[in-house]
Structures are given as C-alpha cells and as structure tokens.
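Chain residues, written in single-letter form:
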Amino acid sequence: MSENFYRETWAEIDLDAVEHNVRRMKQHLPEGTQLMAVVKADGYGHGAEPVARTALEAGATWLGVALLDEAIALRKAGVHAPILVLGWTRPQDVGLAARHHISLTVFQKEWLEEASRYYKDASPVFFHIKCDTGMGRIGVRTPEELSEVVRALQADSRFVAEGFFTHFATADEADEAYFRRQYQRFVDMTEQLKSLGINPNLIHCANSAAALKYPEKMFNMVRYGIAMYGLSPSPEMKDRLPFELKEAFTLKSRLVHVKLIEPGEGVSYGVAFRAAEPTWVGTVPIGYADGWQRALSGKASVLVAGKRCPIIGRICMDQLMIALDGPVPVGELVTLIGEDGAERIGIDDIAAMLGTINYEIPCMISKRVPRIYFKNGKIARTANLIL
Ligand code: PMH
C-alpha cells in the first residue's frame with residue numbers, strides 16, 4: 001500500500017474531515033472569534049503536524065499543546081503559527097520557549113520570579129495566565145493569587161500578558177449549574193484583571209463542548225479539540241450537535257492467516273475460546289502493543305467483507321483472532337474502526353466497550369501503527385512512526 005511501512009495494519013486519517021470540522025466551527029462562531037486547534041498528544045493520536053497544518057488552512061490561527069516538547073516538535077517540523085503550551089513548563093526553559101516563539105501558561109508567582117532570573121535574553125516572552133474556576137487542575141484560584149501573578153509578570157518588562165484563560169470541567173454535561181458557576185467566576189476574574197491594568201489580547205475558556213453549545217459567549221478564542229477530530233465531547237451531546245461532525249480516524253488491517261478448526265480446538269492464550277462446531281478462524285496482525293487493548297477480548301468485533309466478525313480468544317501482543325462466516329482469502333481487508341458496506345464500528349462504540357471516553361481511543365493506538373493521511377480523497381502522505 002505504501003513504500004514507508006511494511007505491515008498490514010494502519011490507521012487512516014481523513015484530513016478532509018478535520019477541515020470540514022474546523023470550517024463548520026468557524027461558521028458557527030461569531031465573526032472574529034479565533035480558533036485554537038488543540039493538537040496535544042500527537043493530535044489526539046491522529047498526528048499533530050498534519051492536523052495542525054490542515055486546521056490552519058481551514059481557518060485556525062492558534063495551536064494548543066500540553067508540553068513544551070510538543071510545541072518544539074511542531075516548530076522543528078516547520079510549523080510557524082502561534083502555539084500555546086497549555087500545561088506547566090519548567091521555569092528554566094523560558095528562554096527555549098522564547099527562542100521558538102512559543103507562548104507559555106503561567107499561574108504561579110514564584111514561577112515568574114524564577115523564570116525572570118533564568119531568562120537572560122532581551123526579547124519578549126508571551127504568557128497566558130490560567131485561572132482555575134473549578135477544574136481544580138492548574139491556575140490561580142483567588143483574587144489575591146491573580147494580583148500576585150499579575151504583579152510578578154509586570155515586574156519583568158520582557159514579560160507580556162498575551163492571554164487569559166480557564167478550562168471547564170462539565171461543559172459537555174446536560175446539567176449546566178457547575179458550568180455556569182465556572183463561567184461567572186471567569187467573568188469576574190477578567191473584570192479584576194482589567195482593574196489591575198492589563199488587557200490581554202486573547203481571552204479564552206471554551207473547549208469543544210462549550211464552543212458547540214454557547215458560541216456567542218466564548219470571548220475571542222475557542223480551544224477546539226475533540227470535535228475537530230469529528231467526535232462528540234460526550235454521549236449526551238451526540239444527538240444535539242449544531243452541525244455534522246465527520247470522524248477522521250479509521251483503523252484497518254488485513255487477514256494474514258485463515259483456517260478451519262475442529263470442535264474442541266482452542267484459540268489463543270488460556271484457551272478462552274474453544275470451538276463448539278467447525279469454525280473458520282482469521283488471524284489479524286494487531287494486538288495490545290498496538291493499543292488494541294486486551295480488555296477488548298470477547299467484546300469487540302471487526303468488519304470483514306461488510307460483515308461483523310467477533311474477536312475470539314484473548315488479544316495477544318501483536319495478533320488477534322476472529323471467527324469468520326466461511327473461508328475468506330488471506331489479504332482480505334479488516335476494519336477495526338470505520339465502515340465496511342452497511343456496517344460501521346465507531347470510536348464511541350469501542351470507548352463504550354472499554355468503559356472509557358472516545359478521547360482515549362485514538363490516543364491509545366500506539367506509534368507502531370503507521371498513519372496514512374488522506375486529503376481531497378487521495379493519499380497525501382504516510383507516516384511510519386517507528387522507522
Ligand atoms: N483546553 C485545554 C486546557 C484542554 O486540556 C483541552 C483538552 C482542550 C482545551 C480541548 O478540549 P476538547 O478536546 O474537549 O475540545 N484536554 C483534555 C484532557 O486534559 N483530558 O481530556 C481532554
């Protein structure tokens with residue numbers, strides 16, 4: 001299928017879907033609201049750089065990552081757009097961030113004092129102040145803490161307050177009470193910020209859920225993650241989306257072995273499956289080391305020639321077995337996530353089987369699974385992440 005990987009298991013990333021999801025969100029937001037494409041964790045497992053480039057072409061103006069390392073990787077790949085590191089960075093790395101024109105999140109006065117001592121250059125460093133309005137993760141929590149952070153920032157003339165933001169804990173839930181409280185706290189803190197004499201260019205609070213539900217109230221930027229990848233922020237929101245989201249991630253493989261086993265014969269470690277009747281068994285070269293978790297054993301199915309085939313026995317490190325209706329040739333396409341004929345296995349289905357959220361599913365598909373990128377319906381590039 002491609003020159004740069006040699007295995008029969010791969011993920012297909014539909015960049016046209018990402019483009020659609022960004023364009024529709026831009027249309028959904030009031031004119032002038034900026035869109036930050038959240039591409040942390042290698043673009044939620046889809047690939048940070050291709051997703052970032054696609055999102056920027058479709059109208060995003062900022063990129064969001066969790067770590068300075070992720071931001072530098074994007075710079076090294078030649079991405080020049082503004083990037084914000086959403087998590088905590090070591091104060092001694094402030095110079096590194098500045099050299100790469102990467103904006104940092106701050107919320108600790110001691111951090112700013114330390115960073116000020118470490119930083120030896122004259123060029124400005126751009127910060128977004130994070131406030132904790134109820135997520136309970138990182139951020140200033142009180143008016144006193146906010147004043148202290150602002151003072152520490154103002155104490156170094158090279159430090160620029162470029163943004164002010166918070167993050168919601170429950171924006172995807174039907175009950176809005178906690179969300180409203182967080183929103184009001186954020187409004188109050190933005191007022192306090194003004195009274196302290198700083199007016200950052202960027203004020204942002206929305207994740208996908210908040211941007212989908214309350215586009216008019218989201219200040220001048222939204223941070224767009226899960227829905228950019230075509231996934232609903234929660235099962236509750238799935239039937240109430242304001243526009244269609246297109247899922248970007250599919251997972252495919254090919255049968256590498258097919259055989260008929262006799263009644264009484266077993267399959268895989270521990271012989272958790274034993275044939276009750278003559279059974280056609282297919283071997284698929286994907287396993288838990290690819291992120292196809294062992295906990296999916298006995299739960300997930302795959303699609304072969306438009307039919308659902310259950311995984312039988314335990315999922316191994318690199319392979320799993322499925323029950324086939326009848327003889328199928330080696331090399332036949334196997335769909336683990338995606339559509340085949342009238343059948344479809346969605347990321348949400350796999351998440352439900354594992355008792356987790358859709359966010360975790362593409363993130364768990366390991367680097368050993370090459371990614372193929374589609375643009376304008378054609379293969380645009382392939383990425384073998386381990387070679
Ligand atoms: N902003 C911050 C600070 C985030 O942590 C995230 C996602 C987003 C924006 C995007 O949210 P969305 O994907 O719901 O649109 N962060 C996480 C997280 O830490 N765990 O799951 C998602």
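Residue numbers restart at each chain and count upward from 1, following the sequence in its written direction. Local features are withheld for residues below a pLDDT of 70 in this predicted model, meaning they are given only at 70 or higher, and side-chain atom pairs are given and counted only at 80 or more; totals for whole chains, interfaces and linings count all residues. With hydrogens and water set aside, each side-chain value is computed from the structure's full complement of heavy atoms.

Asks: Help me understand the packing of helix α7 (residues 143-154) against helix α8 (residues 177-195) in this model?
Replies: If you want to describe how two helices pack, look at the angle between their axes and the distance between the axes. The interhelical angle for the contact between α7 and α8, taken along N-to-C directions, is 40 degrees, at an axis separation of 11 Å. The angle between α7 and α8 places the two elements in the oblique class. Considering how the two elements wind past one another, α7 and α8 form a crossing that is right-handed. The segment α7 lies against α8, with P143, L146, S147 and V150 engaging M189, Q192 and L193. Each axis is a line fitted through C-alpha atoms, taken for helices only over the stretch in contact, and angles between the N-to-C directions span 0 to 180 degrees. Strands are runs of DSSP state E lasting at least 2 residues, helices are runs of H or I lasting at least 4, and numbering of each runs from the N terminus. In these notes the angle categories are as follows: under 35 degrees is roughly parallel, over 145 is roughly antiparallel, 65 to 115 is roughly perpendicular, and the rest is oblique. Crossing handedness is defined as follows: a turn of the near helix away from the far one that is anticlockwise and smaller than a right angle gives a left-handed crossing, while the clockwise case is right-handed. We call two residues in contact whenever any of their non-hydrogen atoms come within 4.5 Å of each other.

Asks: Explanation requested: the sheet that holds strand β6 (residues 125-130) in the structure shown.
Replies: Backbone hydrogen bonds are what pair the strands of a sheet, in a parallel or an antiparallel way. If you trace the eight strands once around the closed barrel, you get β2-β3-β4-β5-β6-β7-β8-β9, paired in parallel fashion. Recorded for the sheet is a direction-independent mean angle of 30 degrees between the axes of neighbouring strands. By this definition, two strands are paired if DSSP reports at least two bridges between them.

Asks: Explanation requested: the site of the ligand in the structure shown.
Replies: Taken together, V38, K40, Y44, R137, H167, N207, S208, R223, G225, I226 and Y359 make up all the residues around the ligand. We call two N or O atoms a polar contact when they sit within 3.5 Å, provided that within protein one can donate a hydrogen and the other can accept it, with sequence-adjacent residues counted only if both atoms are side-chain atoms. S208 has a polar side-chain atom sitting 2.5 Å from an oxygen atom of the ligand. Contact between the ligand and G225: an oxygen atom at 3.0 Å from a main-chain N or O atom of the residue. Note on areas: these come from Shrake-Rupley sampling with a 1.4 Å probe, and a residue is covered only by the protein chains present in the view. Bound to the protein, the ligand loses 83% of the 480 Å² it would expose on its own. Residue proximity to a molecule or strand is established when one non-hydrogen atom of the residue lies within 4 Å of it.

Asks: How should I be thinking about the domain arrangement of the chain in this particular structure?
Replies: Size of an interface: often given as the accessible area lost when the parts come together. Per the annotation, domain bounds derive from an automatic or database assignment of domains. As assigned here, the chain comprises domain 1 (15-229) and domain 2 (249-345). Computed over C-alpha atoms only, the centres of domain 1 and domain 2 are separated by 42 Å.

Asks: What's the story with the nonpolar core in this structure? I'm lost.
Replies: Nonpolar side chains in soluble globular proteins tend to be buried together. Remark: nonpolar core denotes a set of buried residues (Ala, Val, Leu, Ile, Met, Phe, Trp, Tyr, Cys) joined through side-chain atoms within 4.5 Å. Each residue is assigned to one of three classes by its accessible area relative to the maximum for its type, calculated with a 1.4 Å probe on protein chains only: buried under 20%, partly exposed between the two thresholds, exposed over 50%. Counting 121 residues, the largest nonpolar core has V39, F127, I129, M228, L251, W292 and I322 as the members making the most contacts within it. Counting the residues that make up this core, at least three belong to each of domain 1 (15-229) and domain 2 (249-345). Those residues in contact with L251 that sit more than four places away from it in its chain are W10, A11, I286, W292, V334, T335, L336, I337, I365 and V369. Of all hydrophobic cores here, the second largest spans eight residues; its members include V267, V281, C316 and A323.

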